[in-house]
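Below are the chains, spelled out letter by letter.
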Amino acid sequence: MVPKAKTTMPRVPARHVGRPRLLALLDAAEPGGLLLVSAPAGYGKSQLLAEWAARRPDRIAWLSLDDDDRVARRFWAAVLAALRGCAAVGPALDRLDPAQDGFLVRLLEALDRVPGPVDLVLDDVHALPPGSAAVRALAALVRERPRALRLVLAGRADPPLPIARLRLSGELREIRARDLAFSPDEAAALLTGADLVLAPGQVRTLVDQTGGWAAGLRLAALSLRDAGDVDRFLADLAGNSKALSDYLVGEVLSALPPGTTEVLQAVSVCDELSAGLAVALTGRPDAGEVLASLERETALVQSFGEGRTAYRAHPLLRAHLMLDLRRRHPERVARLHAAAADWFAVRGRPARALAHARQADDDARLAELLVAQGVALVASGEHAAVRDALRALDRAAVRPGDPRIALLAALVGTEDGAPAAVRRHLARAGTVRAADPDLATMGRLDRAVALVLAGRSGEARRYVEDALADARRHDRGYLAARATSVLALVAAADGEYRRMAELAAAADAELASGGWRATAGAGLPRLLGAYGALLDLHPERCLDLLAATPADPADTVFVPLRSALRAAALTDLHRDAEPQLRLARSALACRVPPRLAAPAVLLAHGVAVDLGRPDLAADLTRRAGELLGSTGDLVLMAARQEVSGSGAVRDVLAGAVAPVVPWAVGEAHARACAAALADGRSPLARRELEAALAAAGATGALRPLLAGGAAVTGLLARQVGSFGAGDAVAARVLAVGDRPDGPHRGPSAFTERERDVLGLLSSPRSLQEIATVLGVAPSTVKTHVRAIYTKLGVRSRRAAVAAGRRGGAVAVGRR
């Protein structure tokens with residue numbers, strides 16, 4: 001007699017978390033197919049199958065196997081009892097008996113006569129001992145299963161069947177531990193069902209710690225209810241949760257073959273390892289086979305990487321084993337880390353070697369590795385490994401006077417943006433000599449940046465191209481990304497803004513792929529990318545890139561440009577830009593290289609004029625004079641604050657006064673076009689517009705074209721199609737008005753106060769009377785009038801009122 005409990009489907013718990021993505025995988029198995037659900041204890045295999053079965057109870061035959069089923073006759077009796085309990089089978093199997101000759105053939109023939117498909121779930125197949133008669137019977141059922149029977153096998157380990165052949169033939173579908181692992185959203189639902197609510201970041205930490213293991217999540221939830229500090233508890237989950245540890249020992253480790261736990265414990269000092277490293281740590285030549293067997297049979301170990309030759313243990317299991325090892329054999333932990341350090345060092349993986357030497361508390365080994373490989377690690381972007389090793393040596397007071405270690409500390413300080421620390425370390429390093437190619441490459445990049453800031457971009461380009469070639473030749477991805485960033489800076493200095501943006505994007509992608517986004521070098525490509533986005537009329541993208549730019553409190557050099565870019569983008573989007581404008585002005589008061597200050601002060605000044613802040617505009621003009629001297633940038637700034645700027649920018653247009661910022665020439669042409677239109681000089685306006693388009697096409701800076709206001713964009717719209725090579729640029733500028741993320745220029749870009757002034761200009765009031773109505777000074781009204789004239793491209797009050805009425809975006813009437 002087969003116990004009824006063995007053939008009864010488990011109930012779905014009241015607080016079960018539905019798994020629709022896994023149910024879809026089960027449903028996808030074809031009738032007559034074979035499906036294997038294999039994962040260690042506690043992954044929710046039975047609950048998943050119970051949820052699936054509950055949706056189709058009339059078609060499910062369920063059997064929970066155990067050690068009693070090892071005999072073939074008992075196995076068949078249990079299978080027969082399960083099938084008879086399925087409503088879809090009906091009385092078709094009533095006359096069958098496992099003791100009959102040819103039972104399997106009779107069973108298969110009877111199942112062929114059953115109308116419609118039947119699903120037979122064999123749970124806990126791992127309970128059948130390998131080599132037993134029951135396993136042979138199972139293999140026969142798998143091999144001869146009829147079309148009407150879909151067979152679902154579930155267990156903690158793969159059954160001793162030809163899994164690889166079944167997989168290759170396409171007969172087998174599989175759901176394994178990686179599929180059963182809970183996602184953060186599923187974990188949050190499980191925790192909510194356990195009356196426990198964690199922050200999203202805490203849920204992600206818990207999922208990372210448990211590997212999404214269902215039992216681990218549930219047991220952690222029980223322990224977390226009594227945890228005072230959730231973050232501290234999660235930081236050492238294996239050590240803090242006794243329920244978890246007891247489950248791991250009682251349900252997982254106790255089921256492993258003899259000696260396997262010792263292998264897992266020895267390799268637990270490494271988060272990732274190869275078979276060769278496992279041999280070095282355990283001293284067992286078969287350690288690699290043990291790991292492969294664990295992956296194949298238990299999923300407690302997973303292979304990954306090219307050729308799947310690397311392994312990692314389940315995170316919670318590894319944490320438990322490591323904690324147990326530290327408690328019972330702390331001296332062995334140090335020996336294992338030392339062995340791992342030597343293994344990685346010999347194989348040219350110094351970052352991993354440093355990490356293990358540090359954990360082995362072997363300061364002599366750590367110092368030797370650092371001196372030998374430190375510069376190469378910095379050049380490769382492995383700053384964290386060097387930084388951690390330096391801190392460990394500093395705490396242990398090892399080699400405090402070694403100039404080579406001081407030099408490494410200075411290099412890391414440079415990447416971290418800590419100039420005071422760099423100066424201190426360089427003083428300790430003295431005149432150490434190091435004929436290192438990586439140091440030479442870094443030196444070329446520093447020299448290139450200095451040349452750019454000195455206005456010698458041609459020489460800078462040669463230095464940085466040599467540095468980039470060296471970095472590529474020596475496979476230094478981080479240095480190559482830094483060199484590409486500096487090339488983008490050179491392009492900006494030369495007015496090649498399109499190329500600047502391309503190079504910045506390439507550098508940013510390379511930094512991201514190498515995991516170097518947190519380094520000091522990651523800020524420059526994002527900043528230049530934001531600059532390119534603003535000039536290309538994408539202010540929203542500009543703000544997104546600036547938001548993602550690493551903030552470096554020690555770096556005051558790029559703060560003015562960063563703040564000015566934000567202010568300009570916010571102004572283009574008609575948002576509050578004044579706080580960023582004030583930040584840019586304050587930052588410009590610090591010592592900033594003139595060539596870096598020039599675009600920042602020019603952008604900030606344009607924002608001040610647009611916002612109608614003559615005080616801030618005057619302050620920025622004064623600071624520009626101190627930084628830049630009598631350049632075309634200063635002339636353009638003066639022209640912005642005149643009602644007619646054509647005379648002021650004449651020297652810039654004639655080339656008599658060159659600007660530091662190349663795109664200033666394009667803005668000068670756009671303003672000259674607006675002034676010519678206001679004077680009724682259409683041929684001159686056309687020539688200036690053509691020159692502005694040519695400048696935009698050559699540099700890739702479209703934004704300066706909008707400085708001419710609505711009159712210039714109106715002319716552009718009327719004559720597009722007649723500019724030849726400039727038509728492509730014209731079309732892009734005109735298309736901005738249809739983009740939700742584009743700059744909102746023209747009448748819609750007026751400030752609230754400018755709209756008030758424009759409305760009052762249609763009345764007979766004088767500027768003095770308008771000032772009285774608004775409660776502001778007459779000089780403030782005059783500033784607003786100048787801004788209005790500039791935006792509308794007009795030179796008189798009457799023309800401004802007429803243009804405002806035509807635009808329709810500003811309500812103009814008598815007040």
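Predicted, not measured: the structure shown is a model, and the values here were computed from it.

## Focus on the overall build of the chain
- In terms of regular secondary structure, the chain is built from 43 helices and eight strands.
- Relative to its 815 residues, the chain shows a buried fraction of 52%.
- Put simply, 67% of the contacts in the chain that link residues at least 6 apart link residues at least 24 apart.
- With an accessible surface of roughly 35400 Å², the chain has 52% of that area assigned to carbon and sulfur atoms.

## Examining unusual backbone geometry
- Unlike most non-glycine residues, Asp361 shows phi in positive territory, near 55 degrees.
- With respect to the helices and strands, the residue Asp361 is situated in the loop between helix 19 (350-359) and helix 20 (363-379).
- Among the residues examined, Asp361 registers a relative accessible area of 66% and is labelled exposed.
- Residues other than glycine seldom take positive phi values, yet His574 does so here, at roughly 60 degrees.
- Within the secondary structure, His574 sits in the loop between helix 30 (559-572) and helix 31 (578-588).

## Digging into the side chain of Thr484
- Here Thr484 shows up in helix 26 (residues 477-493).
- Judged by its relative accessible area of 7%, Thr484 falls in the buried class.
- At 2.8 Å, the side chain of Thr484 forms a polar contact with the backbone oxygen of Ala480.
- Excluding residues that lie within four positions of it along the chain, Thr484 makes contacts with Leu468, Arg472, Leu503, Ala506 and Ala507.

## With respect to the packing of aromatic side chains
- What the rule picks out here adds up to five aromatic pairs.
- Summarising the aromatic geometry, the rings of Tyr43 and Trp213 are spaced 6.5 Å apart at their centres and angled 45 degrees between planes, so their arrangement reads as tilted. Of this pair, Tyr43 sits in the loop between strand 1 (34-38) and helix 2 (45-54) while Trp213 sits in the loop between helix 9 (200-210) and helix 10 (214-224), and the two are 170 residues apart along the sequence. Here Tyr43 matches Trp213 in class, with each residue buried.

## Focus on the sheet that holds strand 6 (residues 273-274)
- Pairing is antiparallel in the open sheet, where three strands are placed in the order 6-8-7. Lying at the two open borders of the sheet, with one neighbouring strand each, are strand 6 and strand 7 (301-304).
- One ladder, built from two bridges, connects strand 6 with strand 8 (residues 310-313); its direction is antiparallel. Within the sheet, the bridge partner assigned to Ser274 lies in strand 8 and is Ala310.

## Topic: the pattern of salt bridges
- Considering all chains together, one arrives at 42 salt bridges under this definition.
- Asp286 is paired through a salt bridge with Arg284; the nearest N and O atoms lie 2.9 Å apart.
- Relative accessible area serves as the criterion here: at 29%, Asp286 is assigned to the partly exposed category.
- A residue is classified by how much of its surface remains accessible, and Arg284, at 28% relative accessible area, is partly exposed.
- Because the salt bridges share partners, they merge into one network encompassing Arg585, Asp619, Arg622, Arg623 and Glu626.

## Some details on the sheet that holds strand 2 (residues 60-64)
- The strand order across the open sheet built from five strands is 2-3-4-1-5, with neighbouring strands paired in parallel fashion. Two strands lie at the open edges of the sheet, namely strand 2 and strand 5 (172-176), each paired on one side alone. Between one strand axis and the next, the sheet turns by 15 degrees as a mean value, whatever way the strands run.
- Sheet topology places strand 2 next to strand 3 (residues 118-123); five bridges connect them, and they run parallel. Along strand 3, the bridge assignment pairs Leu63 with Leu122.

## A short note on the nonpolar core
- Grouped together as the largest cluster of nonpolar side chains are 134 residues, with contacts concentrated most on Tyr531, Leu565, Leu603 and Trp663.
- Here this core gets eleven residues from one element, more than from any other, and that element is helix 32 (residues 594-610).
- The residues touching Leu603, leaving out its near neighbours within four places in the chain, are Tyr531, Leu534, Leu561, Ala564, Leu565, Ala568, Trp663 and Arg703.
- Formed by 43 residues, the second largest nonpolar core is a distinct cluster that contains Phe75, Ala78, Leu96 and Ala140.

## Some points on helix 25 (residues 457-473)
- In a regular helix each residue adds 1.5 Å, so 17 residues correspond to 24 Å; helix 25 covers 24 Å between its end C-alpha atoms and thus fits that length.
- Lining the buried residues of helix 25 we find helix 24 (437-453) and helix 26.
- Of the residues trailing helix 25, Asp475 is marked for its positive phi of about 55 degrees.

## Considering helix 17 (residues 315-328)
- Compared with the 20 Å implied by 1.5 Å per residue over 14 residues, the 20 Å span of helix 17 between its first and last C-alpha is a close match.
- Of the positions making up helix 17, those classed as buried are Leu316, Leu317, His320, Leu321, Met322, Leu323 and Leu325.

## Comments concerning the confidence of the model for the chain
- Confidence along the chain averages 84 in pLDDT terms, with 90% of residues attaining 70 or more.
- Contacts of residues 808-815 to residues separated by more than four positions or lying in other chains number 22 contacts, the stretch itself having pLDDT below 50.

## Quick look at the packing of helix 18 (residues 330-346) against helix 19
- Between helix 18 and helix 19, the least distance of the axes is 8 Å, while the angle of their chain directions is 160 degrees. One finds that helix 18 runs roughly antiparallel with respect to helix 19. Taken as a pair, helix 18 and helix 19 cross one another with a handedness that is left-handed. In this structure, helix 18 uses His337, Ala340, Ala341, Phe344 and Ala345 to contact helix 19, whose residues at the interface are Arg352, Ala353, His356, Ala357 and Gln359.
- Its residues assigned to classes, the contact of helix 18 with helix 19 shows six nonpolar, three polar and one charged.

## Quick look at the environment of Ala360
- One can find Ala360 in the loop between helix 19 and helix 20.
- On the accessibility criterion, Ala360 (9% relative accessible area) is buried.
- Separated by 21 residues in sequence, Ala360 and Ala339 have C-alpha atoms that sit 9.0 Å apart.
- Excluding residues within four positions of it along the chain, Ala360 makes contact with Ala334, His337 and Ala338.

## Section: the pairing of strand 8
- Alignment of strand 7 against strand 8, held across four bridges, turns out to be antiparallel. Note that in strand 8 the partner of Val301 across the bridge is Ala313.
- The antiparallel hairpin formed by strand 7 and strand 8 contains five residues in its connecting segment, where Gly305 sits at a positive phi of about 85 degrees.

Calculation criteria
Residues numbered from 1 in each chain as written. Predicted model: local features only at pLDDT ≥ 70, side-chain atom pairs only at ≥ 80, totals over all residues. Heavy atoms only, no water. Helix = DSSP H or I, 4+ residues; strand = E, 2+ residues; numbered from the N terminus. Buried < 20%, exposed > 50% of the residue type's maximum accessible area, 1.4 Å probe, protein only. Contact = heavy atoms within 4.5 Å. Areas by Shrake-Rupley, 256 points an atom, 1.4 Å probe, with all protein chains shown as cover. Polar contact = N/O pair within 3.5 Å; in protein donor to acceptor, adjacent residues only side chain to side chain. Phe/Tyr/Trp six-rings, centres within 6.5 Å; stacked < 30°, edge-to-face > 60°. Pairing = 2+ DSSP bridges. Salt bridge = Lys/Arg side-chain N within 4 Å of Asp/Glu carboxyl O. Axes fitted to C-alpha atoms, helices over the stretch in contact; angles between N-to-C directions. Core = buried A, V, L, I, M, F, W, Y, C linked by side-chain atoms within 4.5 Å. Expected span 1.5 Å × (residues − 1). pLDDT = per-residue confidence, 0-100. Parallel < 35°, antiparallel > 145°, perpendicular 65-115°, else oblique. Left-handed = near helix turned anticlockwise from the far one by under 90°. Nonpolar A, V, L, I, M, F, W, Y, C, P; charged D, E, K, R; others polar.

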